[in-house]
Every structure is written in C-alpha cells, then in structure tokens.
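# A structural walkthrough
Spelled out from the first residue to the last, the chains are:
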Amino acid sequence: MNPGNGILLSVLASSLLPGLVIFAIAEHRIALRTTLNLLGAVVKLVLVGWMLWGVAHGQAYELRLALLPGLDFVLRAGPLALLFVTLSSVLWLLTTLYAIGYLEGSPHRSRFFGFFSLCVTATVGVALAGNLLTFLLFYELLTLSTYPLVVHRATEAARRAGQSYLVYTLSGGVLLLAGTVWLYSLTGTLEFRATGFVQDLDASHHGALIAIFWLLIAGVGVKAALFPLHGWLPQAMVAPAPVSALLHAVAVVKAGAFGIVRIVYEVFGVEQAADLGVTLPLAGLAAFTILYGSLRALYQDDLKRRLAFSTVSQVSYIALGVAIAGPIATIGGLVHLVHQGLMKITLFFCAGNLAETLHIHRISEMDGVGRRLPWTMGAFTLAAFGMIGLPPVAGFVSKWYLGLGAMEAGQDWVVLVLAGSSLLNAAYFLPILHRAWFRAPAGDGFAAAGGRHETGWLLLWPPVITAAMSLGAGMLAFIPFSPLEWVQFIGRREFIGYE
Amino acid sequence: MTAAFYALAGVALVVLGLYGLSVQAHLLRKLLAVNILGSGVFLVLVSLGGQPGAAPDPVPHAMVITGIVVAVSATALGLVLMLKVAAASGRPTLDDAPKEDRCPKE
Amino acid sequence: MPEGVSLSALAALPWDAVLILLPLTGAVAAGLWPRSARPIGLLVSAGGIPILVGLGTAVAGTDGLHHAVGGWGAPLGIELRADALSLVFLATTALVGLGVALYADSYFEPTLARWFWPLWLFLLGALNALFLSADLFNLYVTLELMGLAAVALTALGGGRAALTGAMRYLLATLLGSLVYLLGVALLYHATGTLDFGLLGQRLEAGPASRTALGLMGAGLALKTALFPFHFWLPPAHASAPAPVSALLSALVVKASFYILVRLWLELFAPLAATAATGQVLGLLGMAAILWGSWQALRQPRVKLLVAYSTVAQIGYLFLAFPLLSAAGLPDAAAWRAVLWLVLAHALAKAAMFLAAGNLLRFGGHDRITDLDCVAQRLPLTVAAFALAGVSIAGLPPTGGFIGKWLLLEAALLQGRWDLVTVMLLGGLLAAGYVFKVVGHFFTPAATRHEAQRVPARMEWTALGLAVLALLLGLAPGILLPWFDSAVVMPMAGARQ
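Residues numbered from 1 in each chain as written. Chains lettered and ligands numbered in written order. Predicted model: local features only at pLDDT ≥ 70, side-chain atom pairs only at ≥ 80, totals over all residues. Heavy atoms only, no water.

To be explicit about the condition: UniProt positions are given in the numbering used here, feature names are shortened, and annotations may be inferred rather than shown by experiment.
An unreviewed UniProt entry lists chain B under the name Na+/H+ antiporter subunit C, from Thiohalobacter thiocyanaticus. If you open the UniProt record of chain B and go to Sequence similarities (unreviewed entry), you find "Belongs to the CPA3 antiporters (TC 2.A.63) subunit C family."

Put into structure tokens, the structure is as follows:
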C-alpha cells in the first residue's frame, strides 16, 4: 500500500473532523473549541512538515479512490501542491489564533469556526487534488464553506455581499464544470501531468481546446479576481477581518490563482498552451488587472476596500508569471503565491486591529495611529513595503524574478507593467504610512479609545509574525525550505525546465 | 363494422369530455366531463378488444369493470372535495379566489 | 458458500407480494383502529426496508423475478415482476417513506394523524404495486389508486388553498390516467396483450403504436407534471401538509415517470419511428428546467419555491429521451444518470419540503423575506435545507452532482450542446433560488414575532434525508453497477 494514503487523509481530516465536531459544541464551551481548533491546526502543520521533508527527499504521496467509472478521486502531494498546502496550513494556525482573539465575546462562534475549518479543508483539498475532477470538487466545496463566513454578521449588507459572492463564484464554478466535462469527453482523462494531458489530441480539436482553456480560466479566474470577474471581492469586505484575511491571502483568491497554475501547466502543458496562442492574451489580461486593481485602490478611502483592490492587482502577478511561460517568470509567479499571502494577511490583520481596537475603518481617520498602535502599524508598514516591492521584503523577490523572467522570455513590456504597478502601489500605500506615522492624531489623540497601549496579544502577534515572515522570506530567500528555494525545487522537479 | 362505429363513438365521447373539462367552470360539470371521458375510453376499450367473428374477449371486459369501479371511487372523492371546496370558498369553482389567498403566478 | 442455502430460502419467499399486501393490510387496520394507527404506520413504513433487502437478495444475479399472484398468469391474472429497475424506485420509496413517516409522527396532531396513517399506507401499497406490476392495465389501476390516495392526502390539511389544490390535482390526475388508458386500449387492439414481455415481441412500428405512445406519453407527462402540464403541481404541492408535499414531490411524480421509463426502454425505443417523440420530450424537459427554475427564483414563499423547483428538476429526468446510442437505442449512460437523479432528487426534495415544514411551524409563515434569524435558532433545519439545496443545484460533493456529471458527460459525448447548456444554466438558477432562501436564513426579519417550538425529531429527519443525499455523492461507485443493470436489463429484455 502506498504510504501516502494515511497521511494525505490525515491532512484533510485534521481540519475536517475538528470542524464537524465544533459545529456540535455548545456556544459557551470556549476552552474545548479553542483546544480543538489549535490541535487540528498544529497536527496539520506537523503532518505537512513531515510531507515536506519526505517530498524534498524524493518520496511521493498519492491517494486514489474510485469515484466514478474511469474517474478517481486523487490526492497527490508533489512539490507544487505542498507549496500551497504549507502556505495555507501555516496561515490557518495564525488566522485561527487571530480569529479567537477577534471574535471574543461575539455570538455564533461554533458555526464560524466550524465553517472556518471546512474552508481550510477545502483549500488543502484544492492544493492536493491530483486531477481536475478532484480539484473541481474541492473548489466548489470552498465556495460553499466560505459563504456562511461572508454572511456571518447576518446584516442586510452581509447578505447582499454573500449573494454577490455566490453569483460570481458559482457562475465560475459552472464554467469550470463545463470545461471539465468537455475536456473529459475529448481526452477520457483528467489526471494532472507535468506536461499536460491534451497533447495527444489532433489539430482538429484546437478550437475546442482554446474554448476549454478560456472556460477553465474563467472558472478559476473568478476566485483569482481576474478582471472583469473581480466584482465580488471588494463587496465581500463586510465579512469579519479574519475572514477577509482568509479570503484574500489563504484560501479563495489563492485557490483561483493556484488553479490557473494547474490549468496552464498540468492540464494543457505550457508549450501546448503557448502553441494554442492562449498564454499571451492571458498575460495581457493579468497585466491589465494588475494596473486596473492598483488604479482602483488609489481612490478608496475605506481601508479594507483599498486592500481588496490591492489584492485584485497583486494576485494577478501570479497569473502573469505563469502566463509569460518562461521558467524564471514562473518562479516569480509561484513564489508570489506565498509572498503575497504573507504580506496581504499581515495587512488585513492590521486593518482588523484598527477596526477592533480603535474603530477606525477609513484611511482619513488614520492620522497618528502609529503612536497608538506602534507594533501593528510597524507590521503594516513592513508588509506595505513588501507590496511596493522594496528590498529586502519578500515582494521584491517576486517582482525581481517576474521582471527577469519577462526579459528572458522576450516580453519586455511586462517590465513596464511591473514598474507602473510598483509606482501605483507606492502611491496608495505611502500616504497611509505618512498619515499613520507623521500626522498628529486628531482631537483627543485616541484617549477615549481605552488607555491600554497596543491591542490584545492574540490580535497583535499574528500580524507581527507574518510581517516577520515576509521579511524573512525576502532576506533569507536562499536558505533551504524558504519559499524561493522550494519554488526552484518545484521548477527542477516538475515542469518548467528550470536549472 | 359495428366495432369501428363504437370505437368512433368512444373517441367522440373522449373529445366531448375533454371539451367539457376545459371549458366548464363548475366543478360538478368538470367531474361529469371526466366521467364522460372515462365512458368514452371504456367504449373504445371494449369495441377494439374483440376480433371480428371470434368469441368475445374477456380481458377488455375485465378491464372495463375494474375501470368503472375506479371511476366510481374517483367520482365519489371528487364530489366530496367539491363540497368541501364550495364550503371553504363559497363557490363550486376553482378560480375566482380572492387575491390574498391566491398562489402567485398561478 | 455456506450462506447459499439460507439465501436461496430467502429468495423463495414472495417478497414482492408482501411488499404490496403489508401496507394495504396496514392501511385497512390503521383505518379500523385509529388508536393503533401510529404504531401500525411506523412499523409498516420501517418494515419496507428489510423486505426490500430480502427482495434485493432474491433479485440479485437474476434478470428479474416474475411472480403470478395466486397462480393466475397473464392475460387475466395479476403478474408481478421485480428487477433492478423496479428496485431503484422501490428503494427510493422505502427510504423516503420511512423518513417522512418518522417526521409525520411528530408533525400531525391526533385528529389529522388518524387520517394520515391509513392514507399514507394506502399510497405506499399503491406505489409498491405500481413498481412491481408487469402489465399495462395493472399499471393503470395502481396509478389510479396512487392518485386517489395522493389527492386525499393533499386535502388533509383542509383550508381553501389545500382543497382547491387537491381538486385541481384530482382532475389532472384523472385526465392523465384516462388518456393513458386510451393508449393502452389501442395497444391491446394492435397486439392482443398487455403483458410487457409479450408486447415486446409483438409490437411493431406503425400508426397504432405511434398513437398509443403519444396518448400514453401525454397522460403520463401530465401526471409527472412535465412542462407545460405542470400547472397543477405547484398549488397542490405547496398547500399540502409538509410531509405530504415531501411524498408527492419525491415519490408520486416519479411513479408515472417510472411507467414512462418502462414503456420507453422496453417497448417503444427499439421501434425506430419513436426518435421524434424522444426529441419532443427532451425539448419539454429543457423548457421545464428553465421555466421551473425561473419561476422558483421569483416565488415569495419557501414551499412554492420548492414546488417550482420540482417542476424544474422533473425536466432533467426527460433529458435522456432524446439521447440515442449509435445503434439508435436508448443511451444507457444517460438513463443511468437519470435514474441516479431520481434517487438523489427524491432524497433532497423530501428533505427540503420537511425543512420548509419546520420553518412554517417555527415562524407560522414561510415568506422568504420575513424569515427571522432561523440560521441561529433552527440550525439543523437550515443545514438540512442548505445541504439538500446543494444537491438539487448539482454542486459537489452530493448525489445531485454525480447525477448531473453523468448526464452532462452523456450529452457531451453526443455533442448535444443544447442539453448541456440548459443543464448548466438550470444548475446555476437552482443555486440561485436555494441560496436566495439560505441568505434570508441568517438575517433578522423587519417585524419580529413569537416562534413556535419545533420538535427535535422533525429537524433530525429532515437533516437525515439531506445527509443521505450528500452521502450518495461520496461513494457513487458502490451503487452505480446496480443502476447500470437497472437500465441495461429492460433494454436487453426488449431486444430478445
């Protein structure tokens, strides 16, 4: 028997089972719920660490269960899958801690944490999926399990945001389903392969393949917030801060971006995709989304909305790196999957702290908050520098590889896009930093908002840790098991011919 | 020849029944129309059953007797329901219900 | 094999006759002794499952059991037949029936329960008899019995909406049966037999068989509430008591569909001249999906929404008719998908109606926009509705998804993009109407009001059925071979 069966199932179960149990736990049993949450998160981390070690040493993990005739439910832990699994399980632990602090005393926490755990289960499933059908199953499960989190506040605005979230994501799901079935009817297999599985089809199917490509990309593009499918993301900001963090950094948009990687590389194969002439339009769309998101972010006063449009922009770096189709650019795109996650989750945690501690939601209210919340704003500043792409924070590494990769692939225009986007990033982040650090607090200088310095430790430590990790991922980019090293390992081991 | 005549008469009854069912508003008339329709079907069944010159085929007769029993019980149920509808709504028809209790898009 | 002896002894028992006689006897007993109606009703509803297991063991490995009741065979006697296809429908009936019976036990007050139990057992007996009948006339009789029991159950709640709904239902169901019977008369005239086996040998393509198919198809489509014959369904299903709505939507409309499947697979599809009829039924199915879903989306009340959802979901069942294999025979893969959808829809739709009944009991109304924080106060009911809705919308990981995937695959392999598009669109609309309700589960209503207590069992039975619909999607491989033989065997019999 394959040694992977037990461990792959355990990785899923480590969040699924606590989630199901938590649903049944009475609201007031906080200690039990917290224990279960953290136990699941820690167990998952240990299992993932084990698999990382194994995969780095040549071990392969695969689990295969018969689902339908000719189609299996497949989980496979390759280097690429583990990149996403590691990101989500590390950030899940931190987000859980943060959410415990953030939701202290608020109602319906059992429901919240139950769906929270289901959501992470689905994300890990998306990462580990070994064929397109398994991917689709978890991708839809992710939609369904995040919906109750988006409407958690149970206000009319939350209901509307949830509705719009579902309209976008379920429509995307339908396109993904259509593309998947169509592809299956042509190829008879949906198994992810390093070089794709469509190359055996003869030329008469090229039209169909192009249509399938765009169906699939539109399907995952909704979650990856590719223009013009990004509309749900800013609206979903009514959700509590840990949910926004989860949507933006860990689960939803990343599942979409990861889907683009899988589709371009392991469904079509990058050469086949380039032959079909679909990668260049995808790169163009991603580049447009990068600039469009940044421009829109510039005009938002609501902090979370500005961050949301920033996400729209930043996630498309991943799509861009993949679509340029050169090995170095792909390194940049993949490593940004991790780097953007670390930086963006920091920003959302900090925005949550501002809202929770000082009831600040708008940028125009942020004058002088750096004096009141120095650690929070310190973390925010670091992450914002990373987003702009200043060395030595992680964002710089991504942009460096993206730019280098684009030049290598002969796509010089991408450098212009990157430069323009960095300028725009600076234009929408630096004024926030300026207000926070260099302006005097308005009125009573936050005296009314409690005498305590800083905020609760459960709210403070997660952003400080993720900010430190973004710095570490940039400064220590070349040590073993750093995101960059691992992505280069993916490049050597899997598909992109990187030496 | 007579068989064909009865069969055609049966078809005519069916058509008449269908017409009544769709045109008449009063529930009693609708139920009568269903019964006429049923009689038409039974007539067709019996007249088409036997082969000319052969001994009468017992199967259609058995079927028609069963069918008549079913039709009688259905009519009884229909009559009771009609009375209840009339008692509840004040008129022995299906539509013309006051606005608030009416199913939307009906 | 040591169990061989006991298995063959089990196989020898007349399970099929028991499956019919037990509910009918129970119905009479429950009617005669109202005080014992409840234990009788529950016992008989639960008894269906072991009997079905017995029948299943007897049928397994054979190509169908035939049983002439009292030694009288065709043409005059009553012949029963059990094969994999009937088992699919019998099992659906037994599962949903048990769930609904457990629910109804808490739902009805004694005055209504007195009538519910005999009528339900009568309906159960009629359904089982229908799924086991081997000739066209017995099918007519069971169809009528089922219709009368269903109409009486619909009217059970009293009140004007329920009574007029039941009356309209009665007229529609009588009309449907009589038109079906007219078709039977024509077939008898053409072939001199009503037995499926003999008909399969004697039936030939021609005006008589075509007219018969048209009449029987129209009558059964009316009873199955296929668009545009669906007019009677929403008022009846929406105004009946919740457990009755569940039975009607999950089981009763499927019974007439079962007859249609039998006729199609065993008798008519092998006649080449019926392809056009298949196309028409497919078109009506597509129209039903779009129209029913659209109407469901705009309903202001939960039960009406669920009822229109049934109109739409019935449409999916008709999408296999236009799909033919290369040899011009029915596409087995498509039919397998449709039978899967029959089971998945029955479980999910029953769960949805039961959940709607809980909402109605809880708030005293089922207006969607006035739902008042039910997600917080009735979490089990909400979970049941949402899970069942996810299956109805065909989203993974549910039984509904598996059925839709199989059907999509079959349609795509034949290049039927029209069917594919409608199915995908229908799924999206279904998700739309399900989550329209789910969204309002969370929010508070504008005017708050006192809530009634909902018995725990009513919540758990709804959730139980929804979870079954979910489980169906987790390991479909276990059941699929059975569904395969349910399609292949009738077709093989037809070709002999």
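Further notes follow.
## Some points on the overall build of chain C
What counts here: Secondary structure elements are defined from DSSP: runs of H or I of at least 4 residues count as helices, runs of E of at least 2 residues count as strands, and each element is numbered from the N terminus. As a reference, a globule follows 2.2 Å times the number of residues to the power 0.38, and the radius of gyration itself is taken over C-alpha atoms. Whether two residues are in contact is decided by their heavy atoms: any pair within 4.5 Å suffices.
Counting secondary structure elements, chain C contains 20 helices and two strands. Against the compact-globule benchmark of 23 Å for 496 residues, chain C has a radius of gyration of 21 Å, which places it among compact chains. Considered along the principal axes of its C-alpha atoms, chain C spans approximately 65 × 55 × 50 Å. Taking contacts inside chain C between residues at least 6 apart in sequence as the whole, the part at least 24 apart equals 81%.

## Looking at the side chain of serine 145 of chain A
Structurally, serine 145 of chain A is set in helix H5 (residues 132-150). Beyond its immediate chain neighbours, meaning those up to four positions away, serine 145 of chain A contacts Phe115, Leu118, Cys119 and Ala122 of chain A.

## Observations concerning the pattern of salt bridges
This is how the line gets drawn: One side-chain nitrogen of Lys or Arg within 4 Å of one carboxyl oxygen of Asp or Glu is enough to make a salt bridge. Here's how the labels work: a residue is buried when its accessible area is under 20% of the maximum for its type, exposed when over 50%, partly exposed in between, all with a 1.4 Å probe on protein chains only.
Applying the stated criterion to the full structure yields 21 salt bridges over all chains. Salt-bridge contacts for aspartate 367 of chain A lead to arginine 439 of chain A; the nearest nitrogen and oxygen are separated by 3.8 Å. With aspartate 367 of chain A in the loop between helix H14 (327-358) and helix H15 (369-372) and arginine 439 of chain A in the loop between helix H18 (413-438) and helix H19 (457-475), this pair connects stretches of sequence that are 72 residues apart. With a relative accessible area of 36%, arginine 439 of chain A lands in the partly exposed category. Among the ionic pairs, arginine 377 of chain C bridges to aspartate 372 of chain C, the shortest N-O distance being 3.3 Å.

## Focus on the environment of glutamate 140 of chain A
Here glutamate 140 of chain A is to be found in helix H5. For the pair formed by glutamate 140 of chain A and glycine 173 of chain A, sequence separation is 33 residues and the distance between their alpha carbons is 6.6 Å. Those residues in contact with glutamate 140 of chain A that lie beyond four places of it in its chain are Leu170, Gly173 and Val174 of chain A together with Leu395 and Pro396 of chain C.

## Quick notes on the environment of glycine 389 of chain C
All names here are of chain C. Take glycine 389: it is sitting in helix H16 (residues 379-392). Between the C-alpha atoms of glycine 389 and threonine 62, which are 327 residues apart in sequence, the distance is 37 Å. Not counting the four nearest positions on each side in its chain, glycine 389 is found in contact with Met352 and Val434.

## Observations regarding the UniProt feature "transmembrane region" (unreviewed entry) in chain B
Residue and element names in this part refer to chain B. Residues annotated by UniProt as "transmembrane region" (unreviewed entry) correspond here to residues 6-24, 31-50 and 62-83. Annotated as 95% helix and 0% strand, the span residues 6-24 places its first and last C-alpha atoms 26 Å apart. Along residues 62-83 one finds 100% helix and 0% strand; the C-alpha atoms at either end are 32 Å apart.

## Focus: the interface of chain C and chain B
Counted only if it meets this: When two parts are brought into contact, each loses some accessible area as probed by a 1.4 Å sphere; the total of that loss over both is the buried area. N or O atoms within 3.5 Å of each other form a polar contact, as long as, within protein, one can give a hydrogen and the other can take it, and as long as residues adjacent in sequence are counted only when both atoms are side-chain atoms.
Between chain C and chain B, the residue contacts involve 36 residues of the former and 41 residues of the latter. When the two sides are added together, the surface that chain C and chain B hide from each other amounts to roughly 3,600 Å², 81% of it contributed by carbon and sulfur. It is Arg160, Met167 and Tyr188 of chain C that lose the most area in chain C upon contact with chain B, and together they represent 20% of the buried surface on that side. Taken together, the links from chain C to chain B amount to zero residue pairs in polar contact (both at pLDDT 80 or more). When residues of the side of chain C that touches chain B are traced back to their parent elements, those giving at least two are helix H6 (136-154), helix H7 (160-191) and helix H13 (302-317) of chain C. Here the side of chain C that touches chain B gets 18 residues from one element, more than from any other, and that element is H7 of chain C.

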